[in-house]
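A closer look at the structure
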Amino acid sequence: MTQTPDLKRAATAAAETLVKHHVTSAPVAPLRILKATPGVIVLSFTEMAEEIGINRGELLGRYNGMNKDAFTVVKEIDGNLRYIVLYNLLLPEFLLQRAIARELGHIVLGHDGSRPEEVRTMEAMFFARHLLCPRPLIRAVQEAGIPITIETLGLITGCYERCLIGMQKSHGVHVAPELNAMLREQFAPYVQNFADCRAILTVNDDSALVNFGSYMDNYEE
Amino acid sequence: MSVGANIKKRRKQLGINAETLAHKLGVSPTTIYRYENGGIEKVDSAKLVQIADALNTTPGFLMGWEESENEPSKQNNIEQALSSGKKADKWIMLTKWFGNMEMPEFDMWFNAISANHPETERNDDDDTNP
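Residues numbered from 1 in each chain as written. Chains lettered and ligands numbered in written order. Predicted model: local features only at pLDDT ≥ 70, side-chain atom pairs only at ≥ 80, totals over all residues. Heavy atoms only, no water.

Remarks on the overall build of chain B
Where we set the bar: Each helix corresponds to a stretch of at least 4 residues labelled H or I by DSSP, and each strand to a stretch of at least 2 residues labelled E; elements are numbered beginning at the N terminus. Here's how the labels work: a residue is buried when its accessible area is under 20% of the maximum for its type, exposed when over 50%, partly exposed in between, all with a 1.4 Å probe on protein chains only. We call two residues in contact when some of their heavy atoms are within 4.5 Å. Each accessible area is a Shrake-Rupley result for a 1.4 Å probe, and residues are judged covered by the shown protein chains and nothing else.
Across its full length, chain B carries seven helices and one strand. Taking all 130 residues of chain B together, 40% fall into the buried category. Residue pairs at least 24 apart in sequence account for 41% of intrachain contacts in chain B once pairs closer than 6 positions are excluded. Taken as a whole, chain B presents about 7100 Å² of accessible surface, with 47% of it coming from carbon and sulfur.

Laid out in structure tokens, this is it:
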């Protein structure tokens with residue numbers, strides 16, 4: 001049982017998830033994927049409070065001091081891991097997107113509490129970054145010769161900066177080239193749309209976006 | 001032992017009176033006595049969780065399912081998180097918090113919500129969980 005984060009497995013799992021759920025455009029919708037994942041019940045805090053007959057404030061009050069964006073509980077029942085994911089519907093979209101992607105990571109990676117918390121947290125967050133900002137999409141944008149913008153990457157302000165930092169930190173983590181190629185092909189029609197109507201793209205000089213390009217220029221799969 | 005008797009036993013163990021417990025729960029002392037003496041026979045799950053919290057124990061103990069009345073301490077949780085090989089035989093928190101915090105209330109809640117929210121069925125070719 002490894003006690004260190006397996007980042008390659010996390011990145012690969014993110015890419016496999018995008019393939020399996022036929023994600024062909026950005027932004028990626030982690031909540032849709034989570035709701036389609038077997039063995040998982042997904043509810044907002046409000047829905048959960050209504051289901052169990054207490055008010056939302058009471059539910060949140062029980063977990064005072066913990067993540068207020070989303071959390072996952074797990075139990076093995078009849079030999080299968082069962083998950084309940086609760087999330088805060090009132091979050092700004094970019095925070096919700098990140099939080100849900102992180103919880104999805106716990107589930108896709110089969111976390112069951114048997115490994116240290118820091119390890120599984122790092123893996124789940126790594127999964128989230130690779131799910132929300134797939135390198136093959138950035139590469140496809142570059143190869144199409146269109147600008148890297150928030151529209152083309154489908155990343156919301158406040159989200160892409162962290163994704164880029166995450167990618168830079170994990171520069172040496174590689175996903176199988178065949179998997180990357182599949183994803184590039186999957187995203188190709190989406191990217192082509194922008195190539196056909198690049199006039200709608202608002203190019204700004206946000207340094208984080210510019211850095212995506214230079215990062216990928218120096219990244220070899 | 002009934003739920004009411006367990007509430008009373010735990011309250012006495014902690015040395016707190018019914019008024020103090022009532023104040024913590026935002027109910028009247030009479031309500032506490034009614035819980036303890038069976039005047040209110042059915043304690044709903046949400047209220048049971050509140051009472052367990054106020055008495056620093058678990059709903060499972062009050063229901064008579066668990067022998068230990070003490071809630072696991074955060075230190076124990078951290079130690080548990082650092083141990084390896086333990087499967088999730090109880091509901092535990094995965095998201096970063098204080099280690100593998102046990103969430104016994106989800107036993108009751110899971111039953112309540114699973115009826116209304118059937119999970120996506122597993123397919124034979126499903127490989128979501130490696």
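After that view of the structure, there is still more to cover.
A short note on the overall build of chain A
If you tally the helices and strands in chain A, you get eleven helices and three strands. Burial analysis of chain A (221 residues in total) assigns 55% to the buried set. Contacts in chain A between residues at least 24 apart in sequence constitute 74% of all its contacts with a sequence separation of at least 6. Approximately 9100 Å² of chain A is accessible, and the part contributed by carbon and sulfur atoms is 53%.

Overview of the pairing of strand β2 (residues 70-77) of chain A
Regular strands place side chains that alternate from one sheet face to the opposite one. Let me state the cut-off plainly: Strand pairing is assigned whenever DSSP identifies at least 2 bridges connecting the two strands.
Taking burial as the measure, the eight residues of β2(A) include seven buried ones, the bulk of the element. Sheet topology note: the β2(A)/strand β1 (residues 92-93) of chain B ladder contains two bridges and is antiparallel. Paired with Val74(A) across the two strands is Ile92(B), which belongs to β1(B).

Let's talk about the nonpolar core
To keep things clear, this is the line we draw: Joining through side-chain atoms within 4.5 Å is the link that ties buried Ala, Val, Leu, Ile, Met, Phe, Trp, Tyr and Cys residues into a set, and such a set is a nonpolar core.
By size, the foremost hydrophobic cluster in this structure holds 62 residues, and its most contacted members are Phe127(A) and Phe212(A). Setting aside its immediate chain neighbours within four residues, Phe127(A) contacts Ala10(A), Ala13(A), Ala14(A), Thr17(A), Ala101(A), Leu104(A), Gly105(A), Val108(A) and Leu109(A). By size, the runner-up hydrophobic cluster in this structure holds 41 residues, among which are Phe71(A), Ile7(B), Val49(B) and Leu55(B).

Thoughts on the packing of helix α1 (residues 3-14) of chain B against helix α3 (residues 29-36) of chain B
Residues and elements named next belong to chain B. For clarity, the cut-off: Convention adopted: a line fitted to C-alpha atoms gives each axis, helices being fitted over their contacting stretch, and angles between N-to-C directions are expressed from 0 to 180 degrees. When an angle is under 35 degrees it counts as roughly parallel; over 145 it counts as roughly antiparallel; between 65 and 115 it counts as roughly perpendicular; any other value is oblique. Classes in brief: Ala, Val, Leu, Ile, Met, Phe, Trp, Tyr, Cys and Pro nonpolar; Asp, Glu, Lys and Arg charged; the others, Gly included, polar.
Two elements in contact, α1 and α3, have axes whose closest approach is 7 Å; the angle formed by their N-to-C orientations is 120°. In terms of orientation, α1 lies oblique with respect to α3. Here Gly-4, Ala-5, Ile-7, Lys-8 and Arg-11 of α1 lie close against α3, whose contacting residues are Ile-32, Tyr-33, Tyr-35 and Glu-36. Across the contact of α1 with α3, the residue classes tally to five nonpolar, one polar and three charged.

Concerning the sheet that holds β1(B)
Spatially, the four strands line up as an open sheet ordered β1(A)-β3(A)-β2(A)-β1(B), and their pairing is mixed. The sheet is open, and its two edges are formed by β1 (40-44) of chain A together with β1 of chain B, each paired on a single side. Where helix α3 (residues 45-52) of chain A meets the sheet, it contacts β1, β2 and β3 (80-87) of chain A, and its direction lies at approximately 100° from that of β1(A).

Topic: the confidence of the model for chain A
Stated precisely, the cut-off is as follows: Per-residue confidence from the predictor is reported as pLDDT, which spans 0 to 100.
Across chain A, the average pLDDT comes to 85, with 89% of residues at 70 or higher. The spread of mean pLDDT over the elements of chain A runs between helix α11 (residues 207-217) of chain A, the lowest at 70, and helix α2 (residues 30-35) of chain A, the highest at 96.

A few points about the packing of aromatic side chains
Pairs of aromatic rings are described using the distance from one ring centre to the other and the angle between the two planes. All names here are of chain B. Keep this limit in mind: Working definition: rings of Phe, Tyr and Trp (its six-membered ring) pair if their centres are within 6.5 Å, and the pair is stacked with planes under 30 degrees apart, edge-to-face with planes over 60 apart, and tilted otherwise.
Applying the stated criterion to the full structure yields five aromatic pairs over all chains. Pairing Trp-91 with Phe-106 gives two aromatic rings, centres 6.3 Å apart and planes at 45°, and the pair type is tilted. Here Trp-91 is found in the loop between α6 (74-82) and β1, whereas its partner Phe-106 is found in helix α7 (residues 105-116), with 15 residues between them in sequence. You can call Trp-91 buried: its relative accessible area is 1%.

Structural notes on α3(B)
All names here are of chain B. The criterion, for reference: By definition, the arc is the one covered by directions from the helix axis to the C-beta atoms.
Those residues of α3 lying buried are Thr-31, Ile-32, Tyr-35 and Glu-36. Summarising the axial view, the buried residues of α3 lie within an arc of 135°, below the 170-degree limit, and thus occupy one face. The positive-phi residue at the C-terminal boundary of α3 is Gly-38, with phi of around 85°.

Overview of the pattern of salt bridges
Close approach of charged atoms lets side chains of opposite charge pair. Residue and element names in this part refer to chain A. Keep this limit in mind: Salt bridges are counted wherever a side-chain nitrogen of Lys or Arg sits within 4 Å of a carboxyl oxygen of Asp or Glu.
Applying the stated criterion to the full structure yields eight salt bridges over all chains. As a salt-bridge pair, Asp-69 and Arg-102 come within 3.0 Å of each other at their nearest N and O atoms. Of this pair, Asp-69 sits in the loop between α4 (56-62) and β2 while Arg-102 sits in helix α5 (residues 93-108), and the two are 33 residues apart along the sequence. Taken individually, Asp-69 and Arg-102 each receive the classification buried, so the pair is uniform in this respect. A salt bridge links Arg-184 to Glu-143, with the shortest nitrogen-to-oxygen separation between them at 3.8 Å. With Arg-184 in helix α10 (residues 177-196) and Glu-143 in helix α7 (residues 135-143), this residue pair connects regions lying 41 residues apart in the sequence. Accessibility expressed as a relative area gives 21% for Arg-184, which makes it partly exposed. If you follow the salt bridges from partner to partner, you end up with Asp-69, Arg-102 and Glu-103 in one network.

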